[in-house]
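# Architecture and fold: a report
Spelled out, the chains give:
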Amino acid sequence: MAYETLIVETRDHVGLVKLNRPEALNALNQKLLGELICALRKFDEDDAIRCIVLTGSEKAFAAGADIKEMSEKSYVEVFREDLFTAFHDDFLRIRKPIVAAVAGYALGGGCELAMMCDFIIAGDNARFGQPEINLGVIPGIGGTQRLTRFVGKSKAMDMNLTGRFMDAAEAERSGLVSRVVPADKLLDEALSVAAKIAEKPLLAAIAAKEAVNRAYETTLAEGVRHERRLFHALFATEDQAEGMAAFLEKRAPQFRGR
Ligand code: CO8
């Protein structure tokens, strides 16, 4: 399928989605958000794909929701259409791991989109921010919630109240990103991390994603119980038998995603 606002490719077992509205620093308009969900769903349903990389350009992962598009809406419209709710919920329904490869600006909805991915690899030129306050609003898909859980109250308040940007080094120090790499190597690094994930047994990867994400939704006791049930369930998979047998036989496992 041809997309207007995305470039979508596959690299072996990795699905790559590049946001592609260079004229607007990948601002997230409704067209892009619709296409993004469509591309992610296709990869999620494709048995050949085992990990997804979401990226932008070297200048911008995404500079936020499209301000021009939003500026034309009234309260009644955003409330009636429940702006961004379907996108947010649909994105979180993607079960395969999604790695965000962030270079340049990840602002507003762009920072929130990166945080909705499973982890973030940042180029050393990355800039994260929640500058919505400068527009008379606040974040709408997690910039006050996920950011607070990821970097703590003090930094989240600082960013949400002042609108200041956090550079890649501070983002790594604060736990917002898992690693920082030179911007010109970002895509290669992210694809190689994703290829490593794609070698893993898919059902265990899906379970690991679900279990880690549960940590942000529930109590420790419930989270650990959920984790243990998923752990038990994986004993019903062929890949568990294969993984353990391969270890004991001192050979490489041949995982089949079953
Ligand atoms: N929306 C629409 N267009 C944008 C956006 C945006 N968010 N950001 C940049 N652009 C456009 C500019 O208007 C400009 O277009 P043109 O050339 O036609 O004038 C082009 O991209 C290039 O931008 P600049 O000339 O401004 O580039 P600079 O390098 O000078 O500055 C900045 C880069 C600092 C990133 C600057 O563009 C900027 O501040 N952008 C806005 C950042 C922002 O405020 N983001 C938050 C938006 S609100 C939001 O995200 C709410 C989230 C709600 C949930 C979203 C769910 C998806």
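Residues numbered from 1 in each chain as written. Predicted model: local features only at pLDDT ≥ 70, side-chain atom pairs only at ≥ 80, totals over all residues. Heavy atoms only, no water.

If you check an unreviewed UniProt entry, the protein appears there as enoyl-CoA hydratase from Oceanicella actignis. In UniProt, the protein has this text filed under Function (unreviewed entry): "Could possibly oxidize fatty acids using specific components." Per its UniProt entry, the protein bears the Sequence similarities (unreviewed entry) comment "Belongs to the enoyl-CoA hydratase/isomerase family." (UniProt positions renumbered as here; feature names shortened; annotations may be inferred.)

### Side note on the confidence of the model for the protein
Here the protein averages 97 in pLDDT, and 100% of its residues register 70 or above. Here the prediction assigns the complex a pTM of 0.97, and the interface score ipTM is 0.98. (pLDDT = per-residue confidence, 0-100.)

### A few points about the pattern of salt bridges
A complete count under the given rule lists 17 salt bridges for this structure. A salt bridge links arginine 21 to glutamate 23, with the nearest nitrogen and oxygen atoms 3.7 Å apart. What you see here is one network of salt bridges that share partners, running through Lys155, Asp158, Arg164 and Glu170. (Salt bridge = Lys/Arg side-chain N within 4 Å of Asp/Glu carboxyl O.)

### Some words on the nonpolar core
One finds Leu54, Phe91, Phe128 and Leu176 to be the most contacted residues of the largest nonpolar core, which totals 47 residues. Of the residues forming this core, the biggest block, 7 residues, is contributed by helix 1 (residues 30–45). Excluding its chain neighbours within four sequence positions, the residues that come into contact with leucine 176 are Met115, Ile120, Phe128, Leu147, Phe150, Val151, Met166 and Ala171. Core analysis: the next-biggest nonpolar cluster, separate from the first, contains 16 residues, Cys51, Ala103, Leu186 and Ala190 among them. (Core = buried A, V, L, I, M, F, W, Y, C linked by side-chain atoms within 4.5 Å. Buried < 20%, exposed > 50% of the residue type's maximum accessible area, 1.4 Å probe, protein only. Helix = DSSP H or I, 4+ residues; strand = E, 2+ residues; numbered from the N terminus. Contact = heavy atoms within 4.5 Å.)

### What to know about the domain arrangement of the protein
Partitioning the protein into domains gives domain 1 (6–199) and domain 2 (202–249). Taken over C-alpha atoms, the centre of domain 1 sits 26 Å from the centre of domain 2. Between domain 1 and domain 2, the contact holds 9 residues from the first and 7 residues from the second. Where domain 1 touches domain 2, the interface holds 1 salt bridge. A salt bridge links aspartate 118 to lysine 209; its shortest N-O distance comes to 2.8 Å. Counting across the interface, domain 1 meets domain 2 through 3 residue pairs in polar contact (both at pLDDT 80 or more). Within the side of domain 1 that touches domain 2, the residues separate by chemical class into 4 nonpolar, no polar and 5 charged. (Domains from an automatic or database assignment. Polar contact = N/O pair within 3.5 Å; in protein donor to acceptor, adjacent residues only side chain to side chain. Nonpolar A, V, L, I, M, F, W, Y, C, P; charged D, E, K, R; others polar.)

### Examining the packing of helix 10 (residues 202–214) against helix 11 (residues 220–233)
It is the contact of helix 10 with helix 11, at a shortest axis distance of 9 Å, that shows an interaxial angle of 170°. Taken together, the axes of helix 10 and helix 11 lie roughly antiparallel to each other. Packed against helix 10, whose contacting residues are Ala207, Glu210, Ala211 and Arg214, the element helix 11 presents Gly223, His226 and Leu230 at the interface. For the contact of helix 10 with helix 11, the per-class residue count stands at 3 nonpolar, 2 polar and 2 charged. (Axes fitted to C-alpha atoms, helices over the stretch in contact; angles between N-to-C directions. Parallel < 35°, antiparallel > 145°, perpendicular 65-115°, else oblique.)

### Some details on the environment of arginine 93
Secondary-structure assignment places arginine 93 in the loop between helix 4 (85–92) and strand 5 (98–102). With relative accessibility at 55%, the residue arginine 93 sits in the exposed group. Placed 159 residues apart in sequence, arginine 93 and alanine 252 show a C-alpha to C-alpha distance of 32 Å.

### Examining the packing of aromatic side chains
Here the structure, examined in full by the defined rule, presents 5 aromatic pairs. With centroids separated by 5.6 Å and ring planes inclined at 20°, the aromatic side chains of tyrosine 75 and phenylalanine 79 adopt a geometry described as stacked. Of this pair, tyrosine 75 and phenylalanine 79 both sit in helix 3 (residues 75–80), 4 residues apart, which is roughly one turn of that helix. Overall, phenylalanine 79 belongs to the exposed group, its relative accessible area being 56%. Here phenylalanine 87 and phenylalanine 91 contribute two aromatic rings whose centre-to-centre distance is 5.9 Å and whose plane-to-plane angle is 50°, an arrangement assigned as tilted. Note that phenylalanine 87 and phenylalanine 91 are positioned in helix 4 at a spacing of 4 residues, about one turn of the helix. Of the two residues, phenylalanine 87 and phenylalanine 91, both sit in the buried class. (Phe/Tyr/Trp six-rings, centres within 6.5 Å; stacked < 30°, edge-to-face > 60°.)

### Some points on the pairing of strand 5
Within strand 5, 5 of the 5 residues are buried, leaving the element largely enclosed by the surrounding structure. With burial as the criterion, each face of strand 5 is covered, one bearing Ile98, Ala100 and Val102 and the other bearing Val99 and Ala101. The pairing of strand 3 (residues 51–55) with strand 5 spans 4 bridges and is parallel. Within the sheet, the bridge partner assigned to valine 53 lies in strand 5 and is valine 99. Two elements, strand 5 and strand 7 (residues 119–123), share 4 bridges in a ladder whose sense is parallel. Across the sheet, valine 99 pairs through a bridge with phenylalanine 119, a residue of strand 7. (Pairing = 2+ DSSP bridges.)

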